[in-house]
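A look at the structure
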Amino acid sequence: MKAIKAIKAMTIAAAIGVNGATAYAADMTIGVPGWPSGAATAYIIKTVMEDNLGLEVAMQSGTNAVIFEAMDRGSIDVHPQVWLPNQNNLYQKYVKERGTVLQNDHGVVAKQGICVTKETSEKYNIKSIYDLTDPDKSVVFDTNGNGLGEMWIGEPGAASTVVERVRAKSYGYNQTMELVSTDTPINWAALEVAVKAHKPYAFFCYTPHYVFSLYDLVFLEEPEHNKDTWKTLQPTDDPDWMAKSNADSAWPEARLYVDYSKSLQERHPEAGMVLKNFKINAKIVSDLSYAMVVDKKDPETLAREWVDEHSDLVESWLGL
């Protein structure tokens, strides 16, 4: 390892001109999405690549669309946490059609839906998604006195937020509930206030996530996913996306994947092998988000600690 890093250091030094400016470019660039577990996973991959392969790794923040477009061009090499089916339009374009992006096979199983606190569910007998269509029940979520309940459906611009709007229309609770879309930290702050005040609160939720370690939450019951009636378009797919979409059943089973550029596989096949072998579970994802949000750990520090504590798992990615 020291020999590899020494060679890297010599290479960097050779790239420095007489004026002191460096022409050195990183061996690979990892995209950093805007949610905690995604950022933590990005820095874990960075740490593994630097420690074990001696690669110089740059980090670049970006949205899902920006990271995929950059992987297509080869200017970003890794998206550490792709949610499917949420980013299915990006997956279809870059993985299936263009073939410029590769996807790891070891997806982490996830669940998505609408949650309320267990206290709310039991006190007001709100257990099913259809209870939100009942004005006598939905009104318990009304905080501004207009007779309509409020529920958080996700961040502005997120693919899942668009799907939640379709689901509200398909089930019919868009007539009884105001659909609120704000940044995620605002939602978690509102949930904390509601829990402490013993007030009802409804919101789009998903596992794995640290919030289930903080509060006693329940998913509202829904009909099993029906692939025959489920059709969700994004605004970028069709200007008439809402009218042409339907989602009157539960989300399909979701999975979280690592995607990476084909150009990285060609430039550094050893890095491609690590990403192909990369495998974690739902508890790890939840623990990473908890460490960042609740324990307020820096993602790079967290990654260093995590890699040191999970050497056996890391070695399996390396094929050792």
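This one's a predicted model, so the numbers in the text were calculated from it and none came from an experiment.

**Things to note about the packing of aromatic side chains**
- For the coordinates displayed, the defined rule picks out 14 aromatic pairs.
- Each ring, one from Tyr 171 and one from Tyr 173, has its centre 6.1 Å from the other, and the planes form 15°; the classification is stacked. Comparing Tyr 171 with Tyr 173, the two get one shared label, buried.
- Three or more aromatic residues joined by ring pairs form one cluster here, namely Trp 83, Phe 204, Tyr 206, Trp 230 and Trp 251.

**Re the layout of surface pockets**
- In this structure, the largest pocket occupies an estimated 980 Å³ of space.
- Lining the largest pocket are 37 residues, and of these Trp 35, Asn 64, Glu 155, Ala 158 and Ala 159 sit closest to its centre.
- By residue number, the principal contributor to the lining of the largest pocket is helix α7 (residues 159-171), which donates four residues.
- For the lining of the largest pocket, a count of residues per class yields 19 nonpolar, 17 polar and one charged.
- Within this model, the second largest pocket holds a volume of roughly 300 Å³.
- Forming the boundary of the second largest pocket are 15 residues, of which Pro 85, Asn 88, Asn 89, Thr 232 and Asp 237 lie nearest the centre.

**A closer look at the pairing of strand β10 (residues 254-261)**
- With seven of eight residues buried, β10 lies mostly within the body of the structure.
- In the sheet, strand β5 (residues 108-117) pairs with β10 via three bridges, with the strands oriented antiparallel. The residue of β10 that forms the bridge with Val 108 is Leu 256.

**Examining helix α8 (residues 184-197)**
- The end-to-end C-alpha distance of α8, which contains 14 residues, comes to 20 Å, matching closely the 20 Å that a straight helix rising 1.5 Å per residue would cover.
- Of all the positions in α8, only Thr 184, Asn 187, Trp 188, Leu 191 and Ala 194 are classed as buried. Buried residues of α8, seen end-on, are gathered within an arc of 125° and therefore sit on one face of the element. Along α8, the residues that are exposed and aim more than 90 degrees away from the buried face are Pro 185, Val 193 and Lys 196.
- If you follow the buried residues of α8, they end up packed against β5, β6 (149-154), β8 (202-207) and α9 (211-214).
- Once α8 ends, the next one or two residues include His 198, with phi positive near 60°.

What counts, and where the lines are drawn
Residues numbered from 1 in each chain as written. Predicted model: local features only at pLDDT ≥ 70, side-chain atom pairs only at ≥ 80, totals over all residues. Heavy atoms only, no water. Phe/Tyr/Trp six-rings, centres within 6.5 Å; stacked < 30°, edge-to-face > 60°. Buried < 20%, exposed > 50% of the residue type's maximum accessible area, 1.4 Å probe, protein only. 1 Å grid on protein atoms, 1.4 Å probe; cavity = no way out; pocket = protein on both sides within 12 Å on 5 of 7 lines; lining within 4 Å. Points joined across faces, edges and corners; volume = space filled by probe spheres on them. Helix = DSSP H or I, 4+ residues; strand = E, 2+ residues; numbered from the N terminus. Nonpolar A, V, L, I, M, F, W, Y, C, P; charged D, E, K, R; others polar. Pairing = 2+ DSSP bridges. Expected span 1.5 Å × (residues − 1). Arc of directions from axis to C-beta. Contact = heavy atoms within 4.5 Å.

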